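Residue strings, one per chain:
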Amino acid sequence: MNDTSKRSPGEGPIPSDLLDVVVVGAGLGGLYMLYRLRKAGFRVKVFEAGGGVGGTWYWNRYPGARCDIESMEYSYSFDDELQQEWEWPERYATQPVILDYVNHVADRFDLRRDITFNTRIKTATFEPSAEVWTLTADGLPPIRARWCVMATGNLSTPQTPDFKGLESFEGDWYHTGIWPHEGVDLSGKRVAVVGTGSTAIQMIPKIAAQADHLHVFQRTANFSLPARNAPMDKERERAFKATYPERRAEARRTSFGVSGYPLPTQSALEVSKEELVARFQALWDEGGTIGFLTCFNDFLVSEEANEVAAEFVRGKIRETVNDPEVAQLLCPNDHPIGSKRLCLDTGYYETYNRDNVTLVNARATPIIEITPKGIRTTDAEVEVDVIAFATGFDAMTGALREIDISAAGGERLRDKWEGGPLTYLGLMVNGFPNMFLITGPGSPSVKSQMIHSIEQHADWISDCIEYMRENYITAIEPEAEAEMRWVLHVNEVADGTLYPRANSWYVGANIPGKPRVFMPYVAGTSVYREKCDRIAAAGYEGFKLTTESNPASAVAGS
Ligand code: NAP
């Protein structure tokens, strides 16, 4: 017997081809996961499809790309020196600045040496007898690890509608989610933007300022609020940095993981309509979306209160847009405000007052084909040089479904999720032991400040793997019943709100044939964190743990 016989999983030397943990994705989630696990002494490697770190911020380089959460919040909290030293130039950071920040983090913590870039994981298979995950990618030998963490992102599978004739288009076309790294010079060009979601709403003012003419193809109008972006207020930055730990702790007690927006306690029905309007006006003047979403505890529950807010914003659109017909077309009328992702803009509605911008009603006159010269709707052919598809993503499940994930008995994740994603806490899936999801479906994920939720998940996962190491546990997976209860709970919570009333990507409505299931957990990040912590403290309640009967044999690589 050699000296490895006394190791628990993850301790000491291991056979060179067996990792402790393989992480898929080097976005904000994968990077922090690597940092945490490496710090805990595990042997970890990360595999990333892109040529650099940053995930969503690596790929989404369209004009105007910017975060809609304030920079002082949308940043890692795990290292106080990092958050003290980094200077954000604006209230809301642009994509290039965020990408600089992510690169800085990768360098500062020496993360790159464990990341393999330009490598797209194709398959992930769990061998139950060995309790090992094997992942494959083109051009690499199989990657073997005891644990697998999918940090593949919630919005990382761009969707371009299957338009007839797209291949015949003689101009250039792009999807915003894979925008060329060198940028696209649109000056003097006739441009079409298809879509009016968060991405398009950021991009349209920028393109309008550059293009000869811009046609916007809108199928569904969305609510957008002003960002009131500005250079960073140095006094605010100083005050924030002086109390960063308290701010971060406060964020953990909120619905969306953003400090300054405590859990609302007042019902909108307790205040007069005049007061409601005055509150919405103050929030409109302040800028940002979180204030609207957290102003009342029933903003997303009470149709009455929600409609006051919706009508308030419609009034602003009518005030801003000169042409009443265009204004009316821009007024959302098919979903409660906030039930789809609330957009944040700089000069979006104002853009429609420009002579070089035309709004096309792609609901009344849908796009029927792309022609060599442009876009044909049921009404006319619009000739353009460039088409920018801001048509969104196969959200929350797309990236995981792209990898052929299979486990015990050959069950495939794709098949298991045929009727919608099934997870316990959005962290693990029954039948797929030792595989963790960062911000998976069934967790607050996209309904929260993403870095906040990423850190919470990566901390929970790292703690769990450390617990397994300490307790000679070789495998963990959710009990089928606990998973089912969680899925029902996620749906019950959503059904108590106005969220399911919208045809949003939260329910997969943007992907033809995708089952309509509400995917994020919307009880709030503080409630969710408390549940995750309680379950872990109770010895991972609802999880099935396999403990090696003879701890001496529960060694890494055994
Ligand atoms: P999206 O919200 O899914 O919007 C896609 C748009 O494309 C919708 O307007 C949709 O219309 C339209 N569309 C799709 N297929 C179409 C077709 N065949 N014909 C005409 N229109 C079509 O996608 P997104 O704007 O890329 O945003 C996705 C998410 O990314 C956001 O919700 C947000 O969470 C995130 N994001 C965040 C930021 C940030 O600030 N941090 C910025 C951008 C994006 P319908 O609504 O009618 O389907």
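None of the values given here were measured: they were computed from a predicted structure.

1. Thoughts on the overall build of the chain
On a plain count of helices and strands, the chain comes out with 17 helices and 20 strands. In terms of overall dimensions, the chain is globule-like: its C-alpha atoms have a radius of gyration of 24 Å, near the 24 Å expected for 558 residues. With the C-alpha coordinates of the chain rotated into their principal frame, the extents come out at 85 × 60 × 45 Å. Counting only residues that meet the buried cut, the chain has 59% of its 558 residues in that class. Considering only residue pairs separated by 6 or more positions, the chain has 72% of its internal contacts joining residues 24 or more positions apart.

2. Overview of helix 4 (residues 95-108)
Its 14 residues give helix 4 an end-to-end C-alpha distance of 20 Å, which sits within 8% of 20 Å, the value for a rise of 1.5 Å per residue. Where helix 4 is buried, its residues contact helix 1 (28-39), helix 2 (56-59) and helix 3 (80-85).

3. Some remarks on the packing of helix 8 (residues 273-286) against helix 10 (residues 303-320)
In helix packing, the relevant descriptors are the interaxial angle and the interaxial distance, both defined with respect to the helix axes. As a packed pair, helix 8 and helix 10 sit with axes 10 Å apart at the nearest point and diverge in direction by 55 degrees. When the axis of helix 8 is compared with that of helix 10, the two are oblique. Helix-helix and strand crossings are classified by hand; for helix 8 and helix 10 the assignment is right-handed. Where helix 8 approaches helix 10, its residues Lys273, Leu276, Val277, Phe280, Gln281 and Trp284 are matched on the opposing element by Ala305, Val308, Ala309, Phe312, Val313 and Lys316.

4. Considerations on the pattern of salt bridges
Applying the stated rule across the entire model yields 39 salt bridges. Two residues, Lys234 and Glu87, come together in a salt bridge whose shortest N-O distance is 4.0 Å. One end of the pair, Lys234, is in helix 6 (residues 234-242); the other, Glu87, is in the loop between helix 3 and helix 4, with 147 residues separating them in the sequence. Residue class for Lys234 comes out partly exposed when judged on its relative accessible area of 48%. Look at Glu87 and you get exposed, because its relative accessible area is 53%. Residues joined in a network through salt bridges with shared partners are Arg38, Lys45, Asp110, Arg113 and Asp114.

5. Looking at the packing of aromatic side chains
The geometry of an aromatic ring pair is captured by the separation of the ring centres together with the interplanar angle, meaning the angle of the planes. This model, assessed by the stated rule, comprises 39 aromatic pairs. Between the aromatic rings of Tyr76 and Tyr101, the centroid separation amounts to 6.2 Å while the plane-to-plane angle is 35 degrees, which identifies the pairing as tilted. Separated by 25 residues along the polypeptide, Tyr76 in the loop between helix 2 and helix 3 and Tyr101 in helix 4 bring together distant segments of the chain. Here a set of aromatic residues connected by ring pairs shows up, and it is made of Tyr32, Tyr35, Tyr76, Phe78, Trp86, Trp88, Tyr101 and Phe109. Taking NZ or CZ as reference, Arg247 lies 4.0 Å from the ring centre of Phe240, over its face. The ring of Phe42 is capped by Arg469, whose NZ or CZ atom sits 4.3 Å from the centre of that ring.

6. Focus on the nonpolar core
Counting residues in each nonpolar core, the largest one holds 139 residues, and the members touching the most others are Tyr76, Phe280, Phe292, Tyr352, Leu425, Phe436 and Trp460. With near-sequence residues (within four places) excluded, Phe436 lies in contact with Trp147, Cys148, Val149, Met150, Leu427, Met428, Trp460, Ile461, Cys464, Ile465 and Ile476. The next biggest cluster of nonpolar side chains, apart from the first, holds 26 residues, and it includes Ile121, Ala124, Ile403 and Phe432.

7. What to know about the domain arrangement of the chain
By the assigned domains, the chain splits into domain 1 (18-157 + 395-472) and domain 2 (166-389). Placing the centre of domain 1 and that of domain 2 at their C-alpha centroids yields a distance of 28 Å. Opposite the 34 residues of domain 1 that make contact, domain 2 presents 38 residues. The interface formed by domain 1 and domain 2 holds three salt bridges in total. Among the ionic pairs, Arg341 bridges to Asp68, the shortest N-O distance being 2.7 Å. Remark: the boundary between domain 1 and domain 2 carries 23 residue pairs in polar contact (both at pLDDT 80 or more). Going through the elements one at a time, helix 2 and helix 3 are the ones with two or more residues in the side of domain 1 that touches domain 2.

8. Description of helix 8
Taking 1.5 Å of rise per residue, 14 residues should cover 20 Å, and helix 8 covers 20 Å from first to last C-alpha, within 8% of that figure. Among the residues making up helix 8, those that are buried are Leu276, Phe280, Leu283 and Trp284. All buried residues of helix 8 project into a common sector of 105 degrees when viewed along the axis, lining one side. Among the structural elements, strand 10 (224-226), helix 9 (290-293) and helix 10 are those in contact with the buried residues of helix 8.

9. Examining the site of the ligand
Taken together, 24 residues surround the ligand, and among them Thr196, Thr199, Arg219, Thr220 and Trp505 come closest. Between an oxygen atom of the ligand and a side-chain N or O atom of Thr220, the distance comes to 2.4 Å. Contact distances for the ligand include 3.3 Å between an oxygen atom and a backbone N or O atom of Ala390. Examining the composition of the shell around the ligand, we find that three residues originate from one element, helix 5 (residues 198-210), more than from any other. Grouping the amino acids of the shell around the ligand by side-chain chemistry returns nine nonpolar, nine polar and six charged.

10. Observations concerning the environment of Lys206
The residue Lys206 is located in helix 5 in this model. A relative accessible area of 48% places Lys206 in the partly exposed class. Separated by 326 residues in the primary sequence, Lys206 and Cys532 have C-alpha atoms spaced 42 Å apart. Leaving out residues up to four positions away in the same chain, Lys206 has contacts with Pro63 and Gly64.

11. Brief notes about the confidence of the model for the chain
Mean pLDDT over the chain: 94, with 95% of residues reaching 70 or higher. Residue range residues 1-7 is modelled with pLDDT below 50. Its contacts to residues more than four positions away, or to other chains, number 15 contacts. Counted against residues more than four places away or in other chains, residues 550-558, with its pLDDT under 50, gives 30 contacts.

12. A short note on the sheet that holds strand 13 (residues 367-370)
Read across the sheet, three strands follow the order 13-14-15 without closing on themselves; strand pairing throughout is antiparallel. The strands lining the two open edges of the sheet, one partner per strand, are strand 13 and strand 15 (381-383). Averaged over all adjacent pairs, the angle separating strand axes in this sheet is 25 degrees, with direction ignored. Where strand 13 lies against strand 14 (residues 374-377), three bridges are found, and the strand directions are antiparallel. What sits directly across from Glu369, in strand 14, is Arg376.

Cut-offs and rules
Residues numbered from 1 in each chain as written. Predicted model: local features only at pLDDT ≥ 70, side-chain atom pairs only at ≥ 80, totals over all residues. Heavy atoms only, no water. Helix = DSSP H or I, 4+ residues; strand = E, 2+ residues; numbered from the N terminus. Rg over C-alpha atoms; globule rule 2.2 N^0.38 Å. Buried < 20%, exposed > 50% of the residue type's maximum accessible area, 1.4 Å probe, protein only. Contact = heavy atoms within 4.5 Å. Expected span 1.5 Å × (residues − 1). Axes fitted to C-alpha atoms, helices over the stretch in contact; angles between N-to-C directions. Parallel < 35°, antiparallel > 145°, perpendicular 65-115°, else oblique. Left-handed = near helix turned anticlockwise from the far one by under 90°. Salt bridge = Lys/Arg side-chain N within 4 Å of Asp/Glu carboxyl O. Phe/Tyr/Trp six-rings, centres within 6.5 Å; stacked < 30°, edge-to-face > 60°. Lys NZ or Arg CZ within 6 Å of the ring centre and 35° of its normal. Core = buried A, V, L, I, M, F, W, Y, C linked by side-chain atoms within 4.5 Å. Domains from an automatic or database assignment. Polar contact = N/O pair within 3.5 Å; in protein donor to acceptor, adjacent residues only side chain to side chain. Arc of directions from axis to C-beta. Near = heavy atom within 4 Å. Nonpolar A, V, L, I, M, F, W, Y, C, P; charged D, E, K, R; others polar. pLDDT = per-residue confidence, 0-100. Pairing = 2+ DSSP bridges.

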